[in-house]
Amino acid sequence: MKKLVSLLMALTLVFACVGCGASDGNGSKADEDVKSEGVMTYEEYVAAALDSEVVIEAYVQAKQSWWEDKATVYAQDKDGGYFLYNMACSEDDYAKLTTGTKIKVTGFKAEWSGEVEIIDAAFEIEDGNYVAAAEDVTSLLGSDDLINHQNKFVSFKGMTVEAAGQDGSGNDVPFLYNWDGSGQEGDDLYFNVSSNGQTYTFTVESYLCDSSTDVYKAVQGLNIGDTVDMEGFLYWYEGVNPHITSLTVK
């Protein structure tokens, strides 16, 4: 009888654990993103006042730059995105911030020209991994809801390349080096795309995607009138100004 009870208890434990730690294919639990004690949910972070201290847990999605022990990073959890600007980070730790790495960040919520970010931050690496799929926000362009997706990894589909400015001969061109055309290869690329009759300025941020990357070269090869699909991070500067990381001409 004791052996039978023990067997039943063992089977109960086995079945109770079926599905524990289920993965979404990226090494993270698919159905939950439980925050540690004292860590804000994304909703609480959004509600926090500017200049207040914030503590978040999120997953690295892209590294924009490292310089003088400071790192700028895009991060995301399953509810929203975060821009971590000039976060304290050694060069050795920067190498550890691979895509999907979970980090706990303590810093201060700030805003610069519409971009909400975390500044004066420190971080620690935690167990966990998550890589966000690009969320299609094409239909939200021009809407008040778009800003609610700020800093997420997103996609735009079926947009049309418009003239970004003119060259020295007065000819329309599909992109500019720097916002005003004052730059050269290696600088940020600015290009205009339209959807439903409205035109938006998108950017290839050279610290995030330099001139050796496929997306930088793809923008250099654009023609006015091309139809393009894109992915990138929903950055904000005086309005929506996505930092594009991939582009395909249809």
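Look above for the structure.
Residues numbered from 1 in each chain as written. Predicted model: local features only at pLDDT ≥ 70, side-chain atom pairs only at ≥ 80, totals over all residues. Heavy atoms only, no water.

Draft legend 1. Examining the overall build of the protein chain more closely. Looking only at helices and strands, the protein chain has four helices and 14 strands in total. When the 250 residues of the protein chain are sorted by exposure, 42% land in the buried category. The long-range share in the protein chain, meaning contacts at least 24 apart out of those at least 6 apart in sequence, stands at 57%. (Helix = DSSP H or I, 4+ residues; strand = E, 2+ residues; numbered from the N terminus. Buried < 20%, exposed > 50% of the residue type's maximum accessible area, 1.4 Å probe, protein only. Contact = heavy atoms within 4.5 Å.)

Draft legend 2. Highlighting the nonpolar core. Of all hydrophobic cores here, the largest spans 35 residues; its most connected members are Phe 156, Met 159, Phe 191, Phe 202 and Met 230. Secondary-structure elements contributing two or more residues to this core are strand E7 (153-162), strand E11 (189-195), strand E12 (198-204), helix H4 (214-220), strand E13 (227-233) and strand E14 (243-249). Looking at this core element by element, the count peaks at five residues for E7. With 22 residues, the next largest nonpolar core counts Ala 58, Val 73, Cys 89 and Ala 121 among its residues. (Core = buried A, V, L, I, M, F, W, Y, C linked by side-chain atoms within 4.5 Å.)

Draft legend 3. The arrangement of the pattern of salt bridges in detail. According to the stated counting rule, one finds three salt bridges in the structure shown. Between Lys 96 and Asp 93 there is a salt bridge, with its nearest N and O atoms 3.5 Å apart. With a gap of three residues between them, Lys 96 and Asp 93 both fall in helix H3 (residues 91-96), about one helical turn apart. The class for Lys 96 is partly exposed, based on a relative accessible area of 49%. As a salt-bridge pair, Glu 135 and Lys 152 come within 3.1 Å of each other at their nearest N and O atoms. With Glu 135 in strand E6 (residues 135-136) and Lys 152 in the loop between E6 and E7, this residue pair connects regions lying 17 residues apart in the sequence. Its relative accessible area of 29% is what places Glu 135 among the partly exposed residues. Of the residues examined, Lys 152 reaches a relative accessible area of 11% and is grouped as buried. (Salt bridge = Lys/Arg side-chain N within 4 Å of Asp/Glu carboxyl O.)

Draft legend 4. A look at the pairing of E11. Within E11, seven of the seven residues are buried, which leaves it mostly tucked inside the rest of the structure. Neither face of E11 is open: one carries Leu 189, Phe 191, Val 193 and Ser 195, the other Tyr 190, Asn 192 and Ser 194, and all of them are buried. Alignment of E7 against E11, held across three bridges, turns out to be antiparallel. Of the residues in E11, the one forming a bridge with Thr 160 is Ser 194. (Pairing = 2+ DSSP bridges.)

Draft legend 5. Representation of the side chain of Ser 195 in the model. With respect to the helices and strands, the residue Ser 195 is situated in strand E11. We classify Ser 195 as buried; its relative accessible area is 15%. Ignoring any residue separated from it by four or fewer positions in sequence, one finds Ser 195 in contact with Thr 138, Leu 141, Met 159 and Tyr 200.

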